[in-house]
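Examining the three-dimensional arrangement
Here's the letter readout for the chains.
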Amino acid sequence: MRPLDFLGRIKVKLGLVIVLAVGVAFVVNEVGLGSGLTSELRIAVAVVLALIMVQVLARGMTKPLREMASAAQTIAKGRYHLRVRSTSRDEVGELARAFNAMAGELGEVDRIRRELIANVSHELRTPITGLRAVLENVVDGVSAADPGTMRTALAQTERLGRLVTQLLDLSRLDSGARLIEAEPVELAALAEQAVLEAGLAREDVRLSADVPADLVVRADPDLLAQVLANLLDNAVRHSPPGAPVSVTAAAGGSGVRVTVADHGPGIPTEARARVFERFSRLDAGRTADAGGAGLGLAIVKEIVELHGGSVTVGDGPGCRMVVELPDRVVTRGTPERRATVPAERPFPVHEKGRFMDAVPAADRGPGRAEVPVTAPAGPLGPGQAEGAGQVPGPPGPPGALGSRPAGAPGALVPVRSPRRKTGLSRLLVGTVTGLTTGFLAGGAAAVFIGLYVSATVALATVVLATATGSAIGLSLAAGPRHVPPYTRESEGAQPPSYHPPSLFPRPELPEPPQWLLPAVAVAGLVAAVVLPGSGGGLGVLLVAVVVGAALWPALRRRLTPWTAAFGLTGYWLITAAVTRDADWLVALAVGAGAALVALAVSGAGAGWLGVLRGGLSPVFAVGPVPWFLSKPVRRLAAGGRLMPTLVGAAIAAVLLVLFGVLFASADAVFAGYADRVITPPDWLGSLPLRITLFAAFGALLAALALTALRPIVDPVGPDAAFAVHRAVWLVPLVSVNLLFAAFVAIQIRFLFGGGATVRDTSGLTYAQYAREGFFQLVVVSVFVLGIVAVCGGMLRTARRERLVLAGLLGTLCALTLVVLVSVLHRMDLYTAVYGQSRLRISVQATVWWLGAIFLLVLLAGAIRLAGRSAGWLPRTAVLVTGLAVGVFVTVDPELRVAESQLDTHYLSRLGADAVPALVRLPDDRRRCVLAAVADNTDLERPDPWNGWNLARAEARELLRANRVEPGACPAHR
């Protein structure tokens, strides 16, 4: 159990544990003082309870640490499969997730290491074996040392050399020994050279390059040439005769996309993820002579990732290898100025997607002491000299650019992050913040200055501090904000500082739809307008209909027979707010209807846990609502219209107040009209309530929308089934069945035998005998449901034992149905003498509902014995419960109570639902009872339009027809 997983900081959890421990001690002390316990006993009980609570909470907080300790010991033995449960959102949860990622990486590294050893052994053994066979034949005289034999030996040696070279390249790339030396590279020339070289391998393949002449990328030309060579080598090798092979490139955002395409057999979709693994071949039976060692694409992937890019297999005919490279360099027609980077601070380069400093000048070889960096013409930064020279680098492969004279057109400038513009909202926030801070600081200083100097100096201090603060805030807000385009990180740098998770981390949420924010606003506005003063009448139904209509776009994807049945039943129950007046009955119906609607929105219910979670799904979704609504709100404000509108409205309000006051003081007639305009309306007193309702129902709609957009969650409980000896369950079930059978026999003999038998046996009247025990019998039936759930769902039995267990449980359920019938009979006997009440009729309805549930359980057990699934039981039980509540509301319990109850005082406490029966009372009782009911339910006043209620409207008509006025009965007054 981890009840504190929703918090994002371990220190907050520890503080909460301490607060709860202190609270437990305080509550125990107060209860102990009220109970007269001694101080020693209070201290002991408080310590024990606090320790238990701390142990329960701390166990959930530290369980990931214990799991990590156990998993670390397992991993140390070379078993990398173990993972830690990481549901917490705090630092311990972050550590657990990092531990799982580390374990996965270690397992992957171990797998690659094993495969690498096996593959390298195989790849080395093949050419060595062939070379050994050739040399043995020459030594043994089987073959002559002619040029043909030597060429065979040379081919095996070259193959072995290529394999070793590729392995060394991969080793250098993995270890970081081969750092890229980035410089601007013209892709057109590089692609043309790569196409010419690849065409030498096969003359029956048509190769072409289509690269814009001005497309330049900042990369290592040698490594980029190797990428193109490897990709073209694969394309040429697998292309059919006469088929085209093309190299294309285009700008994409701030990067470059290079595509090498052929018309060969292509790469299957399921194999695309593993083609970049080392020694990977699509045809496992293909020899290395026919297709290489399987390292070419692995080298391509390492080089591209070294530049911070990516390589993927694209869609289309044949095979399309797509390389994405960052750091595109654009040409500008304005004069340029070149800056010289000192040898001890070379230009930062990439290593696996990160920028890092290149190796020192001494390790780069001659001609690499300085790297050209182009920048736009403009003011020089500190420490730069005007007209600084540039030492060009050595000539590289085609595409490597040398230096250009300062001021020449076509200067090369790396694409970098632009300077952010200062917005009006930032200026406004900075000014208001500075003004508020200055005012508070000046006010604090003015208090002391006013006491010891003078009030004039204090006032001047406040004004000066306020003006200074606003000026500072405005200047800071208007200051430049520039995001550095590169981050330097040397090889010996410290790891980045740890940023702890937020107190309430952002959960994973679906994309909010476009209609969400308007729907939230409409639902909140309708609730704020309709609900205040409605008294739970028509306004509740109107808000429910608006919420359902607003959710319809999200609910269509969840529409199934079950969800439709739940939704319709739920809205049927919510209509009780319009048709019934009894508060307790309306609250029961509306609550059950809301739970059914929530279950329909969630789509869950395949199991009992799914039913519970689905009914509470809006409660679970309320927490992420701020994050869910943040994106639509930002989208609304991103258009640049929201903040100017608010600022304009604020300025307009200030001007209206200023000029309105001046005009009102200048003209008495205008002042009279202005007084009428600014007189607060009647609804202003309920404004706080309306704001609260707006926020609450807006959040409710957002929570329901979030629930509908999320995937269906049907939690599966733990497999708690266990096997025990048959005597453990056989003896108790047989005993309980015998006890129930004896009780049923007594009920048949005495309860159904008539009043004379009861009087002769117990000395009680029939009604007195029936009154005893029906509450206990209802509890007994609930316990039987628990026994059936435990035995049927948790006991693991063999086939024959399962039949015996099902027979015993079925017999117990059947006997319990007889007990429920006896409860109904007892209640009928008792109410025939003493009349109905709200509690008695509620117990009768509960007994009928329990009988329906037991029938469903018996049916599900029979279906399971037949070998079929009973997965429909949870949803059916919920639907039967909703229908039972609806029938109970339709029966109108208060009307049934009024028809059978004889107690005048009890009748006076009923609601408007009972008036149709109360008007049929004798004249001496009718007038007083109706007057009391009218006073209790405020029937003398008409309901507002949003509080209209059918039962209350009919009751008013009946009261007017009987000429009953509230307070007319002297006894009532």
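That block above? That's the structure.
All of the points below concern the structure found in this document. Quick caveat: nothing in here was measured; it's all calculated off a predicted structure. (Residues numbered from 1 in each chain as written. Predicted model: local features only at pLDDT ≥ 70, side-chain atom pairs only at ≥ 80, totals over all residues. Heavy atoms only, no water.)

**Considering the pattern of salt bridges**
Two side chains of opposite charge can pair, provided their charged atoms sit close to one another. Note the cut-off: In the sections that follow, a salt bridge refers to a side-chain nitrogen of Lys or Arg positioned within 4 Å of a carboxyl oxygen of Asp or Glu. Numbering goes from the N terminus for both helices and strands, where a helix is a DSSP run of H or I of at least four residues and a strand is a run of E of at least two. Only protein chains enter the accessibility calculation, which uses a 1.4 Å probe; a residue whose area is less than 20% of its type maximum is buried, one above 50% is exposed, and one in between is partly exposed.
Inspection of the entire model under this criterion finds 14 salt bridges. The partner of glutamate 305 in a salt bridge is lysine 301, and the shortest N-O contact between them spans 2.8 Å. Placement of the pair is glutamate 305 and lysine 301 together in helix 8 (residues 296-306), with a separation of 4 residues, close to one helical turn. Between arginine 726 and glutamate 801 there is a salt bridge, with the nearest N and O atoms lying 3.4 Å from each other. Taken as a pair, arginine 726 in helix 23 (residues 726-751) and glutamate 801 in helix 27 (residues 799-834) lie far apart in primary sequence, 75 residues in all. Look at arginine 726 and you get partly exposed, because its relative accessible area is 44%. Bridged by salt links that share partners, the residues Asp581, Asp943, Arg952 and Arg956 form one connected network.

**Observations concerning the environment of threonine 816**
This is how the line gets drawn: For this analysis, residues touch if any pair of their heavy atoms sits within 4.5 Å.
Checked against the element boundaries, threonine 816 lands in helix 27. Looking at threonine 816, the relative accessible area reads 1%, which means it is buried. Apart from the residues lying within four places of it in its own chain, the contact partners of threonine 816 are Phe740, Ser781, Val784 and Phe854.

**Notes on helix 29 (residues 873-891)**
For clarity, the threshold we go by: Multiplying one less than the number of residues by 1.5 Å gives the expected span of a helix.
The terminal C-alpha atoms of helix 29, which comprises 19 residues, lie 26 Å apart, in line with the 27 Å expected from a rise of 1.5 Å per residue. Turning to helix 29, its buried residues are Leu873, Pro874, Arg875, Thr876, Ala877, Val878, Leu879, Gly882, Val885, Gly886, Phe888 and Val889. Against the buried residues of helix 29 lie helix 14 (561-574), helix 15 (576-579), helix 16 (583-602), helix 17 (608-615), helix 28 (838-865) and helix 30 (893-900). Once helix 29 finishes, aspartate 892 follows within two positions and takes phi at roughly 65 degrees, a positive value.

**Things to note about the nonpolar core**
Our working rule: Here, the term nonpolar core denotes a set of buried Ala, Val, Leu, Ile, Met, Phe, Trp, Tyr and Cys residues that are joined through side-chain atoms within 4.5 Å.
Core analysis: the biggest nonpolar cluster contains 42 residues, and Leu187 and Met321 have the highest contact counts within it. Within the residue set of this core, elements represented by two or more residues are helix 5 (187-199), strand 3 (216-219), helix 6 (221-238), strand 4 (244-252), strand 5 (255-262), helix 8, strand 6 (310-314) and strand 7 (319-325). Of all the elements, helix 6 adds the most residues to this core, at 8 residues. Ignoring anything within four residues of it in the chain, the contact list for leucine 187 reads Val211, Leu215, Val217, Leu224, Ala249, Val256 and Val258. Residues Leu585, Leu596, Leu910 and Ala912 belong to the second largest nonpolar core, which totals 37 residues.

**A short note on the sheet that holds strand 2 (residues 206-210)**
For clarity, the threshold we go by: A pair of strands is labelled paired if DSSP reports no fewer than 2 bridges between them. All axes here are fitted lines through C-alpha atoms, helices being fitted over the stretch that makes contact, and every angle between N-to-C directions spans 0 to 180 degrees.
Spatial strand order, 2-4-5-7-6: 5 strands in an open sheet with mixed pairing. The open sheet terminates on both sides in strands that have one partner only, identified here as strand 2 and strand 6. Strand-to-strand twist of the sheet, defined as the mean angle between neighbouring strand axes without regard to direction, takes the value 15 degrees. Bridge count between strand 5 and strand 7: 7 bridges; the pairing is antiparallel. By the bridge assignment for strand 7, alanine 261 is matched with arginine 320.

**Quick word on helix 5**
Operational definition: The directions considered for the arc run from the helix axis to the C-beta atoms.
In this model helix 5 runs 18 Å from its N-terminal to its C-terminal C-alpha over 13 residues, within 8% of the 18 Å that 1.5 Å per residue would give. All of the buried residues along helix 5 are Leu187, Ala188, Leu190, Ala191, Ala194, Val195 and Ala198. An end-on view of helix 5 places all buried positions within 165 degrees of arc, on one side of the element. More than 90 degrees from the buried face of helix 5, the exposed residues found are Glu192 and Leu196.

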